[in-house]
Amino acid sequence: MLDFIWNIPTVIDIVSKIRNYFNWEIEKAEKKRKGYFHEFDFINPIDSANIWKGILGKDFYLSDNYWKGWKIADNIKKIYPGDVVCVNNAILSRWIPVLPGQIFSKAIKSLDKESKRLDRYVEDEDGEVEAKMLFDTEYKFKSGVASIRVLSRNNRHLLCCSTPFTFTGLPILIDDKTYKSKILEAERYQNCLQADLECILTEIPSEWNKDLIRLVPEQFLKQYTLPRYYLELKNISKQIEAPQCIAAAWSGFVNSSMGETFKSSHFIINNGDESIKDASEKVISYINLLRSSLIGGNWKTIFNFDELKRWIPEKTFNPLDHDINGVTKAIKEYYKNF
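The sections below set out a description of the structure shown in this document. Here the structure is a predicted model, which is why all the values come from computation and not from measurement. (Residues numbered from 1 in each chain as written. Predicted model: local features only at pLDDT ≥ 70, side-chain atom pairs only at ≥ 80, totals over all residues. Heavy atoms only, no water.)

Considering the overall build of the protein chain
Of regular secondary structure, the protein chain possesses 11 helices and 11 strands. Counting all 338 residues of the protein chain, 49% fall into the buried class. Long-range contacts, defined here as pairs at least 24 residues apart, represent 74% of the contacts in the protein chain between residues at least 6 apart. Entry remark: accessible area of the protein chain is about 17300 Å², with carbon and sulfur atoms responsible for 52%. (Helix = DSSP H or I, 4+ residues; strand = E, 2+ residues; numbered from the N terminus. Buried < 20%, exposed > 50% of the residue type's maximum accessible area, 1.4 Å probe, protein only. Contact = heavy atoms within 4.5 Å. Areas by Shrake-Rupley, 256 points an atom, 1.4 Å probe, with all protein chains shown as cover.)

Considering the side chain of Ser264
By the element assignment, Ser264 lies in strand E10 (residues 259-268). Judged by its relative accessible area of 9%, Ser264 is buried. Residues within four places of Ser264 in sequence aside, it is in contact with Lys140, Ala248, Ala249 and Trp250.

Here we look at the sheet that holds strand E9 (residues 246-255)
What the three strands build is an open sheet, ordered E10-E9-E11; its pairing is antiparallel. The open sheet has two free edges, formed respectively by E10 and strand E11 (300-303), since each of these has just one partner strand. Taken over all neighbouring pairs, the strand axes of this sheet differ in orientation by 35 degrees on average, direction set aside. For E9 and E11, the ladder comprises three bridges, and the chain directions are antiparallel. When the bridges of E11 are listed, Phe253 appears paired with Thr301. Where helix H10 (residues 273-291) meets the sheet, it contacts E9, E10 and E11, and its direction lies at approximately 155 degrees from that of E10. (Pairing = 2+ DSSP bridges. Axes fitted to C-alpha atoms, helices over the stretch in contact; angles between N-to-C directions.)

Notes on the pattern of salt bridges
On inspection of all chains with the given rule, the structure shows 11 salt bridges. Lys28 is the salt-bridge partner of Glu198, the closest N and O atoms lying 2.8 Å from each other. Within this pair, whereas Glu198 is found in strand E7 (residues 193-203), its partner Lys28 is found in helix H2 (residues 8-34), the two being separated by 170 residues in sequence. The salt bridge involving Lys238 is made with Asp196; its shortest N-O contact spans 3.9 Å. Taken together, the positions of Lys238 in strand E8 (residues 229-241) and Asp196 in strand E7 put the pair 42 residues apart, joining distant regions of the chain. Under the relative-accessibility criterion, Asp196 is labelled buried at 12%. One network of salt bridges, in which partners are shared, links Glu25, Lys28 and Glu198. (Salt bridge = Lys/Arg side-chain N within 4 Å of Asp/Glu carboxyl O.)

Points about the packing of aromatic side chains
One pass over the structure, following the stated rule, counts 10 aromatic pairs. A centroid spacing of 5.9 Å and a plane angle of 50 degrees characterise the contact between Phe253 and Tyr286, whose relative ring orientation is tilted. Taken together, the residues Phe253 in strand E9 and Tyr286 in helix H10 connect sequence positions 33 residues apart. Note on accessibility: Phe253 and Tyr286 belong to one class, buried. Put simply, the rings of Phe60, Tyr66, Trp67, Trp70, Phe104, Phe165 and Phe167 touch in pairs and so form one group of aromatic residues. Of note, Lys32 hangs over the ring of Phe37, and the distance from its end group to the ring centre comes to 4.8 Å. Here the basic side chain of Lys78 rests over the ring of Tyr80, its NZ or CZ set 5.9 Å away from the ring centre. (Phe/Tyr/Trp six-rings, centres within 6.5 Å; stacked < 30°, edge-to-face > 60°. Lys NZ or Arg CZ within 6 Å of the ring centre and 35° of its normal.)

Quick word on the pairing of E9
E9 sits mainly inside the fold: nine of its 10 residues count as buried. Relative to E10, E9 is paired through 10 bridges, and the arrangement is antiparallel. Each residue of the ladder has a partner; that of Ala247, found in E10, is Phe267. Between E9 and the antiparallel strand that follows it, E10, lie three residues.

As for helix H7 (residues 176-190)
Where H7 bends most, the angle comes to about 55 degrees, and this point is Ile183. Inspection of H7 places Asp176, Thr178, Tyr179, Ile183, Ala186 and Glu187 among the buried residues, and these make up the whole buried set. The secondary structure elements touched by the buried residues of H7 are strand E2 (84-93), strand E5 (156-162), strand E6 (170-175), E7 and E8. Between a side-chain oxygen at the N-terminus of H7 and the backbone nitrogen of Lys177 the separation is 3.1 Å; the capping residue is Asp175. Just past H7, the residue Asn191 takes up positive phi, approximately 70 degrees. (Bend = angle between axes of the 7 residues up to and from the residue. Polar contact = N/O pair within 3.5 Å; in protein donor to acceptor, adjacent residues only side chain to side chain.)

Considering unusual backbone geometry
Its identity is not glycine, yet Asn89 carries a phi of approximately 55 degrees, on the positive side. Here Asn89 is to be found in strand E2. The partly exposed category is assigned to Asn89, whose relative accessible area is 22%.

Notes on the nonpolar core
Ile51, Ile172 and Leu197 are the most contacted members of the largest nonpolar core, which has 83 residues in total. At seven residues, the largest contribution of residues to this core is made by H10. Ignoring any residue separated from it by four or fewer positions in sequence, one finds Ile51 in contact with Phe40, Phe42, Ile79, Val85, Val87 and Leu170. Of all hydrophobic cores here, the second largest spans five residues; its members include Trp24, Val84, Cys86 and Ile200. (Core = buried A, V, L, I, M, F, W, Y, C linked by side-chain atoms within 4.5 Å.)

Set out below in structure tokens:
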């Protein structure tokens, strides 16, 4: 009798899993019958653009600067919140794009034009190479290439569902139980994994939304008008070791008289902290350059790319919350040009 009582929690857990499995299978079949079902395979990188085309609709845009030669299908169905989205061979990592979908949106058009103009300025008019270099550092952020790793909130984990480039992906919300039983070990030893995922497209919960908005400059948020949709994981299967996956360490720096600039440096997620450290050193060397006698400025670090570890050895602050020596005013003046 005591053995039976001790096993009651196990029985309840098994019954719960069976019930959840059949409930999800019924819901999935019903949505498939009604046409609210979409399937993609990230073994083909173009499908990362296809999924964003379904989500963004008329706001979708494919930049030749990034995706030269890509041909996107014309018959991609519109994807709405509540639809089932199945993504095969997706790479799961903690490094989500700071501005999800930006790389596949019309927001890139103006950046493409500015990039081409600067190329002509440097190549045809013997312009200053530094002007192009400065633009390229900011382009990484404005285009949505920048990645960020965020802490868990309310027993939920926000990861990235992507191709080998995290900035092509969508954030995916995973409950604590699934995270600990299916993802934590792979993340601990390999830093990312590949799997087949079944999800529901949903709006990001308010507690995440407020915190993530806090990490993005106000003027960038005005430019970022895309829907803040995320995937909510319902089922995960066929987990294997992931191929090499690339994210971008980044940070922002501000000077009260010269405005704001960004630096980004790529790293391979699979290689763990050492890879991130190397990328961070490049970001740190950039701020050292800004503060050197060559440029000579009182540059402050304003954004960090990782909530789990502090890679930039300086206390950060948000000038949008704390007006230090008129920095907020300087930023607003700077962004009038955009």
